[in-house]
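Given next are the chains, with one letter for each unit.
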Amino acid sequence: MYTHVAVHRSHITMADTNQANGSDVVDNVSVEVAEMALEPKESTKTAEAAVPKTPEPGNASEGTNGTPPAAKPTPAASSAAFKEQFKAFSKFGDTKSDGKHLTLSQSDKWMKQAKVIDKKITTTDTGIHFKKLKSMKLTFEDYNKFLDDLAKTKKVELEEIKSKMANCGAPGVHNATPGKAAETVARLTDTSKYTGSHKQRFDDSGKGKGIAGRKDMVDQSGYVSGYGHKNTYDKTH
């Protein structure tokens, strides 16, 4: 009897021990599973943080990292080209000019051709700022001061003004309408449209006859006027 009780108690003790050990094993496994579940999330966050952000395709208003792109600077006018234009316009209308001084009239012609003078900048504005330098003619250095003062007052980019003035073409060259001019010239030179005595000045191909087309020439060959067999005698005899 005592032996049976002892064996029963030993079984109970072993069962309790196994149950206790089993709970410890379950707890350890649960902790390991939880740690494994957390590790990928942390590594994913670290990887995402290491990759730089790129702007979405098609979004031209944003630059790298979502920042707006810097505005493109206005192309600077060539100083050499601008100076050559200064010399050209300083001689425009003045054959005695040495190309080193520019008058207000020449400056206004230059600016009008370059389309700098418009609704925002008028000849009144150029006259006021030109006279500030207290000279009828400005040197190249003073003219740059004049443009700088004018640009600041009218709130216009100086380089934009100089770029237009440097690339406006030779003095006196304006943007005429080539279509209308070509049509007018073609109409005036079309000999098929001439009538009356003017028509007699050209042959069938449109080539001018010279004096024969402008004046009646006297036939001094000896033949009667209107004779139709002129110069045929030697051929038939």
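Because the structure is a prediction, the values reported are computed rather than measured. (Residues numbered from 1 in each chain as written. Predicted model: local features only at pLDDT ≥ 70, side-chain atom pairs only at ≥ 80, totals over all residues. Heavy atoms only, no water.)

Peer 1: Can you help me understand the nonpolar core in this one?
Peer 2: Grouped burial of nonpolar side chains is what soluble globular proteins tend to show. One finds Trp110, Met111, Tyr143 and Met165 to be the most contacted residues of the largest nonpolar core, which totals 23 residues. Of all elements in the fold, only helix H2 (79–90), helix H3 (104–113), helix H5 (140–154) and helix H6 (158–166) reach the threshold of two or more residues within this core. Top contributing element to this core by residue count: H5, with six residues. With sequence-adjacent residues up to four places away left out, Trp110 is seen in contact with Phe82, Gln85, Phe86, Phe89, Leu102, Tyr143, Met165 and Cys168. (Core = buried A, V, L, I, M, F, W, Y, C linked by side-chain atoms within 4.5 Å. Buried < 20%, exposed > 50% of the residue type's maximum accessible area, 1.4 Å probe, protein only. Helix = DSSP H or I, 4+ residues; strand = E, 2+ residues; numbered from the N terminus. Contact = heavy atoms within 4.5 Å.)

Peer 1: Would you mind going over the side chain of Asp108 with me for this structure?
Peer 2: The residue Asp108 is located in helix H3 in this model. Lys112 provides the closest opposite charge to the buried, salt-bridge-free Asp108, at an N-O distance of 6.0 Å. Beyond its immediate stretch of four places on either side in the chain, Asp108 contacts Ile117, Thr123 and Thr126. (Lys, Arg positive; Asp, Glu negative; His and termini not counted. Salt bridge = Lys/Arg side-chain N within 4 Å of Asp/Glu carboxyl O.)

Peer 1: Just to check I follow, could you spell out the packing of aromatic side chains for this structure?
Peer 2: Each aromatic ring pair is specified by the distance between its two centres and by the angle formed by the two planes. Per the counting criterion, the structure on display carries nine aromatic pairs. Taking 6.2 Å as the distance between ring centres and 75° as the angle between the ring planes, the aromatic pair formed by Phe89 and Phe92 counts as edge-to-face. Using a relative accessible area of 30% as the deciding quantity, one classes Phe92 as partly exposed. A ring pair is formed by Phe89 and Trp110, whose centres lie 5.2 Å apart and whose planes are at 10°; its orientation type is stacked. With a gap of 21 residues between them, Phe89 in helix H2 and Trp110 in helix H3 connect regions that are remote in the sequence. Like Phe89, the residue Trp110 is buried in the burial classification. What links up through ring pairs into an aromatic cluster is the set Phe82, Phe86, Phe89, Phe92, Trp110, Phe130, Phe140, Tyr143 and Phe146. (Phe/Tyr/Trp six-rings, centres within 6.5 Å; stacked < 30°, edge-to-face > 60°.)

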